[in-house]
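Reading the structure
So the chains spell out like this:
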Amino acid sequence: MQVTSCYLNSVQSDMAVLAVADGIGGHDSGEVASKTAVTGLLQALSPLFGDRFQPAGPNQDKTRLQDIFRDAVLQANQAVFTQHQATGSDLGATLTAVWLIKGLAIVANVGDSRTYLYRAGKLRQITADHSLVYRLMETQQISRDEIYTHPERNKIYRNLGDKEAVEVDTFTVELEPDDLVLLCCDGLWETVRDEGIEQKFWANEEI
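As a starting point, this report considers the structure included with it. (Residues numbered from 1 in each chain as written. Predicted model: local features only at pLDDT ≥ 70, side-chain atom pairs only at ≥ 80, totals over all residues. Heavy atoms only, no water.)

1. A word on the sheet that holds strand E5 (residues 114–119)
Strand order in this open sheet of 3 strands is E6-E5-E8, and the pairing throughout is antiparallel. In this open sheet, the two strands that pair with only one neighbour each are strand E6 (122–125) and strand E8 (180–184). Direction aside, neighbouring strands of the sheet carry axes that sit 25 degrees apart on average. The pairing of E5 with E8 spans 5 bridges and is antiparallel. In the strand pairing of E8, Leu117 is matched with Val181. Of the strands in this sheet, E5, E6 and E8 are in contact with helix H4 (residues 186–202), which crosses E5 at around 5 degrees. (Pairing = 2+ DSSP bridges. Helix = DSSP H or I, 4+ residues; strand = E, 2+ residues; numbered from the N terminus. Axes fitted to C-alpha atoms, helices over the stretch in contact; angles between N-to-C directions. Contact = heavy atoms within 4.5 Å.)

2. Details of the environment of Ile24
Relative to the helices and strands, Ile24 resides in strand E2 (residues 15–24). Here Ile24 falls in the partly exposed class, since its relative accessible area comes to 26%. When the C-alpha atoms of Ile24 and Asp90 are compared, they prove to be 7.5 Å apart, with 66 residues separating the residues in sequence. (Buried < 20%, exposed > 50% of the residue type's maximum accessible area, 1.4 Å probe, protein only.)

3. A word on H4
For H4, with 17 residues, the first-to-last C-alpha span of 21 Å runs short of the 24 Å given by 1.5 Å per residue. At Arg193, H4 is deflected by roughly 85 degrees, the largest bend along its length. If you check which residues of H4 are buried, you get Asp186, Leu188, Trp189, Asp194, Gly196, Ile197 and Phe201. Where the residues of H4 are buried, they touch E2, E5, E6 and E8. Backbone geometry just after H4 places Asn204 at a positive phi near 60 degrees. (Expected span 1.5 Å × (residues − 1). Bend = angle between axes of the 7 residues up to and from the residue.)

4. Remarks on the environment of His150
Checked against the element boundaries, His150 lands in the loop between helix H3 (132–138) and strand E7 (169–174). For His150, a relative accessible area of 17% gives the class buried. In this structure the C-alpha to C-alpha distance between His150 and Thr39, which are 111 residues apart in sequence, comes to 33 Å. Setting aside residues up to four positions removed in sequence, His150 forms contacts with Val133, Leu136 and Ile142.

In structure tokens:
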């Protein structure tokens, strides 16, 4: 597992992008895949961090910004897919990313890396894992606790780079004062678990 993260902000337009990509395909391939995913995302979004981009209005923005962010993730997927085809290796990555703008968190997700919202002492998972065990949990075939112990817990059915086109989940969260947003790969949430993450936020401890 190789994880690449990034934080990009623009003081002029009061925007920021956060992303976490978790590589698939062994150590070397995973490192290439995660870095390619994050680089592709940032390249797609970099034109927005200039003076010309201005959201049109709060109601229009939610749909418009989701579409823009989804397209950026699709470009990241294309970058990883191209690398996959060029090397012929089992190369891919999960990605969770957040675009913070005008009091909104625009969230995009492919795979089982997660974005959480911590608000008023409660932790809430914004994204849904694209994994076998998460699907089993959603259909009530296993409990949430069994996600951590199920023998097929590492099987995901959607990631960047596997196909030329990928379905991207997007969400919009209206942020409130003191909200915290956490992005992480399965290396964190499997080890610390939701209740542990919530406790660390509550105690103001490092995760």
